Structure formats: C-alpha cells, structure tokens
Amino acid sequence: MKNILALSVIFFLSVIFSSCSDDNPVTSTVTKEIQWTQADSISPGYISCISVADENTVYYVKDYLTYKSQNGVTTFVNMGDDSFVPNKIIALSADYIVFSGYNNTNSVSKIKVLSNGTFTTINNLPEGFIFSDVYVAQQNVIYAARDSNMYKYDNGTVTTYTISSQYNTNGRTINRLLFTNGKLYAFCYGLSYTSSIYKFENNAFQFVMNDNNASQNFFLPNFWLKLTSGYSATNCVYFKEPGWVSVFTGQNRDYRSITGGGLDFLYTIARDSSNLPYRGLIWNGTNFVEDYVSPVQNGYLINYQFTETKGNVFYLIGYKAGYNILYKGKRITG
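These notes cover the structure that comes with them. (Residues numbered from 1 in each chain as written. Predicted model: local features only at pLDDT ≥ 70, side-chain atom pairs only at ≥ 80, totals over all residues. Heavy atoms only, no water.)

Moving on, we come to the overall build of the protein. Across its full length, the protein carries 1 helix and 29 strands. Going through the 334 residues of the protein one by one, you find that 45% of them count as buried. Element-wise, carbon and sulfur atoms account for 49% of the exposed surface of the protein, whose accessible area totals about 16900 Å². (Helix = DSSP H or I, 4+ residues; strand = E, 2+ residues; numbered from the N terminus. Buried < 20%, exposed > 50% of the residue type's maximum accessible area, 1.4 Å probe, protein only. Areas by Shrake-Rupley, 256 points an atom, 1.4 Å probe, with all protein chains shown as cover.)

Glancing now at the sheet that holds strand β4 (residues 57-62). Consider a sheet: its strands pair through backbone hydrogen bonds, and that pairing is either parallel or antiparallel. Spatially, 4 strands are ordered β3-β4-β5-β6 in an open sheet, and the strand pairing comes out antiparallel. Taken across any chain shown, the strands that pair with only one partner, and hence form the sheet edges, are β3 (47-54) and β6 (73-76). Each strand of the sheet is rotated relative to its neighbour by a mean of 25°, with strand direction disregarded. In the sheet, β4 pairs with strand β5 (residues 65-70) via 6 bridges, with the strands oriented antiparallel. Considered in β5, the bridge of T57 is made with Q70. (Pairing = 2+ DSSP bridges. Axes fitted to C-alpha atoms, helices over the stretch in contact; angles between N-to-C directions.)

The sheet built from 4 strands is open, its strands ordered β7-β8-β9-β10 with antiparallel pairing. The outermost strands of the open sheet, each flanked by one partner alone, are β7 (84-93) and β10 (118-122). Pairs of neighbouring strands in the sheet enclose a mean axial angle of 25°, with direction left out of account. Relative to strand β8 (residues 96-103), β7 runs antiparallel, the two sharing 8 bridges. What sits directly across from A91, in β8, is I97.

Quick look at unusual backbone geometry now. Residue P242 is bonded to the preceding E241 through a cis peptide linkage, with omega at 20°. Looking at the element boundaries, P242 is found in the loop between β21 (233-240) and β22 (243-251). We note that N140 has phi near 70°; this positive angle belongs to a residue other than glycine. Locating N140 in the fold gives a position in the loop between β11 (133-138) and β12 (141-146). A positive phi angle, near 55°, is found at N181, a position not held by glycine.

A few words on the pairing of β6. Sheet topology note: the β5/β6 ladder contains 4 bridges and is antiparallel. Residue pairing in the sheet places Y67 in a bridge with F76 of β6. Joining the antiparallel neighbours β5 and β6 is a turn of 2 residues, in which N71 adopts a positive phi near 55°.

Moving on: the side chain of S294. Looking at the secondary structure, you find S294 in the loop between β26 (288-291) and β27 (302-306). In this structure the side chain of S294 is engaged in a polar contact, spanning 3.1 Å, whose partner is the side chain of Y267. Sequence-distant contacts of S294, defined by excluding residues within four places in its chain, comprise W36, Y267 and G280. (Polar contact = N/O pair within 3.5 Å; in protein donor to acceptor, adjacent residues only side chain to side chain. Contact = heavy atoms within 4.5 Å.)

Printed below as a string of structure tokens:
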C-alpha cells in the first residue's frame, strides 16, 4: 500500500511539472466566468479599429492597412484601392463586412463592403468629409452620418434625412448612431457640456431630450451606457426612452473600456485609484466579479481595446513586449 501511495504521489507531481514545462505551454486559462486564449501575436503598429466577424475571425486596421486574423493566422486584406483608409469596421458576419473610411489624398468619405469575398464600393453617397458614424442594419442597408445629415443606403438607393433646424438645441452634429429598443437614435454632441438625442421614426428625426455631457459614454452595438463618477461612487445608467435606467451604483472607479452582450454581462477594464493597476471586472447583472486571469492584470497589457461581443465571444488587443497581442475572451455559461 505504501509503494502504491508513493507511486501515486510521484505520478501526480510529474504531471504537474510536465504541464508547466516549456514543452507543454498553457494556451488558455479558465475562470468561472471567462476563458482567455491568446489568438494571435501581431507585429508592432497602431491599431486604430477592430471588429469580430465570428468566434475565430477578427478584422483590424494597423498603420492604415487592413488585416484579418483567423484561427491565429494574420493575412493582409487587399481592397484594390491604395487610397482608401478605413477608420471603422462593422463585421455583420464572416461573410459581410463594412469598412467606413476616407480617401487619403483629400479626406473624402468612402464606404467599402466585403461580401462573400468580393469588395464593392458604395459610390452614390453624397461626397464630403469623413462620416462621423456608420450603422449597418442588415446586408445592403447602411446608415451613415455627417454633420446634421443621415444617409440611408438601401440596395443602391440613397435617401438623405436631416435633423430639422426647428429644434433649438446646443448642437445638431450627429456623432453616433445607435439602434436600441427597436428604434434608431442619433446622439449629437453640443456646446457647454450638453448633448441632444433624436429618434428616427416615420422617416424623420424627432427630438427626445437634451442631456449632460459631463460623463463617460460607452456605445455598445445594442445599447448606450453612461457612467458618472461622484466623490465616492460611480453611477452607471443605460438609455431607454424617455430617459435613463440604472444599471448599478458602486465603488468609484476609473473605467477605461467596456464590452458586453447585454446588461447581465459586461466586461470592463478599471482601477480603483490612480496608484493601482487596471484589472478585468465582470458585471453579471447583480454584482462585479474580478477576473484574476485577465490579460490586463498587474499591467500585463497596455494600450488595449475591445471588439464588440458576439454571442459569448469578444476580443481584446493590446501591446506587450514589442508586439500587439490578440486575446479571445469566451464567456463560460451553464
């Protein structure tokens, strides 16, 4: 019996040391909430935008060029137009990706669509400076905003909608378009720390409310979060007409970035004070849970940004030791 016990201990220790050796690298880490996997290691450069197409595919722009990372392999995306610089990517699916950007010679806006491996350019949108935002409703239905105008592209037909000057607000320049609660809204930054919200209904913009700009705004694909920090607490609310609904009121923190699939699952990078490192936190609809194996823990990763969340998957990209490291975060459910 003693010999059997000794052999069992030796075998157990050998498994531990073997799994920690360089010959058996750990490729993913699982907590109760998130499984993290290093998806790719990308050469140095400025990552300006990124979007997740499916669980194993992301598109991103690095130093004005577009790339695809799929299953850990990065390839250059040749759009056949050297003058085009994307500044926003909206991946509706792996087969339909919209690139909003501009011509690098005159800054005139341009939109390109990658559909089933073929690029097309939407040429009949009104010419002008870079679009402030683009919303993709479905394949071949795209909304683009500039100044107080919104252009709807619908299978080749373009219609212009303008926020009426009858609204006496502090600013009518559309900065963001957001589809939430079954309606399309325009968020307009204004002067004196105020902003305005308009609803697009019956082919016209309707004024909803003015709001205070003095807060952090996080626009996720299907909802808009606003964080306001006081002396001792942070209040998080989301927009739902006619106003704001509370998500949580908690410890005063510095929130840097947020992604999530709904109000019962938000992933954020935050720190409790300026002399502490940023860390990963998960809001589960009731309370925050710390992600102790987050890639950002203890300053492990810097200059990071999230993709949107699709299903249970999102990506995080950041800089570490001379490389841009791409991580896949997968929510553990059930």
